Amino acid sequence: SIVAEVNPNAMRGRRVGEQVVDRLTGVITGFADLPPFNFVAGNFRKSPGDVRKYVQMYSPDVWAVDGSYLLTPDDRARSAKHEVLADVIQSLKATAEDTRSVTFQTVQFNRQASNGGGGRRRQGQATSDLDMDNIGGSDAFGQTPSCVLGMSKISGRDDARRLKMLVAREAPADADI
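Notes on the structure in this doc start here. Since this is a predicted model, take the numbers as computed values, not measurements. (Residues numbered from 1 in each chain as written. Predicted model: local features only at pLDDT ≥ 70, side-chain atom pairs only at ≥ 80, totals over all residues. Heavy atoms only, no water.)

### So, the overall build of the protein chain
Here comes step 1: Across its full length, the protein chain holds 6 helices and 4 strands.
Here comes step 2: Secondary structure elements of the protein chain occur, N-terminal to C-terminal, as α-α-α-β-α-β-α-α-β-β.
Here comes step 3: Here the protein chain, with 177 residues, has 27% of them falling under the buried criterion.
Here comes step 4: Long-range contacts, defined here as pairs at least 24 residues apart, represent 49% of the contacts in the protein chain between residues at least 6 apart.
Here comes step 5: Total accessible area on the protein chain stands at roughly 12900 Å², and carbon and sulfur atoms take up 49% of it. (Helix = DSSP H or I, 4+ residues; strand = E, 2+ residues; numbered from the N terminus. Buried < 20%, exposed > 50% of the residue type's maximum accessible area, 1.4 Å probe, protein only. Contact = heavy atoms within 4.5 Å. Areas by Shrake-Rupley, 256 points an atom, 1.4 Å probe, with all protein chains shown as cover.)

Now the structure itself:
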């Protein structure tokens, strides 16, 4: 819908005219010569094991999980939320390593960060709006990935976002990041 410049809410409500349908058809047809691109909807009931099966089935070079913190862990023996999240992120990284692929995952910053950085460090210092202390409820989101990017709104602008590199473990020292 972004490429076709169509409002997704109009598509959900089935309130689109013939011109919009033609525009969407043109965009979809334009993708015909590109390599396969697969989407899998999990409806919040998938596990890292399910993701691994899809990655093994389709053998993608790159795969993404939107809202990886919502996956259900394969091993439900742990009950603390931060342990469950750590298991999920570590399982997904293992899948990427085992299949020699790249994964992108999205997680939300904690509510304090999305509300302007009202979070606090343990020592009582204020945190910034993009800080490792504010990621998704588990230290694993900052400790496990090779790279962590944070994106936030720019005050007074609805058309732009700020991107901040929070972690870049495996980048060469002279990398232009």
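### Observations concerning the side chain of Ser101
Here comes step 1: With respect to the secondary-structure elements, Ser101 resides in the loop between α4 (81-98) and β2 (102-106).
Here comes step 2: Side chain to side chain, Ser101 and Thr99 meet in a polar contact 2.7 Å long.
Here comes step 3: For Ser101, the residues in contact, after removing those within four places along its chain, are Val55, Pro60, Asp61, Trp63, Thr95 and Ala96. (Polar contact = N/O pair within 3.5 Å; in protein donor to acceptor, adjacent residues only side chain to side chain.)

### Considering the pairing of strand β1 (residues 62-66)
Here comes step 1: By the alternation rule, side chains of β1 split into Trp63 and Val65, which are all buried, and Val62, Ala64 and Asp66, of which none is buried.
Here comes step 2: The sheet contact formed by β1 and β2 spans 5 bridges and is parallel. Across the sheet, Ala64 pairs through a bridge with Phe104, a residue of β2. (Pairing = 2+ DSSP bridges.)

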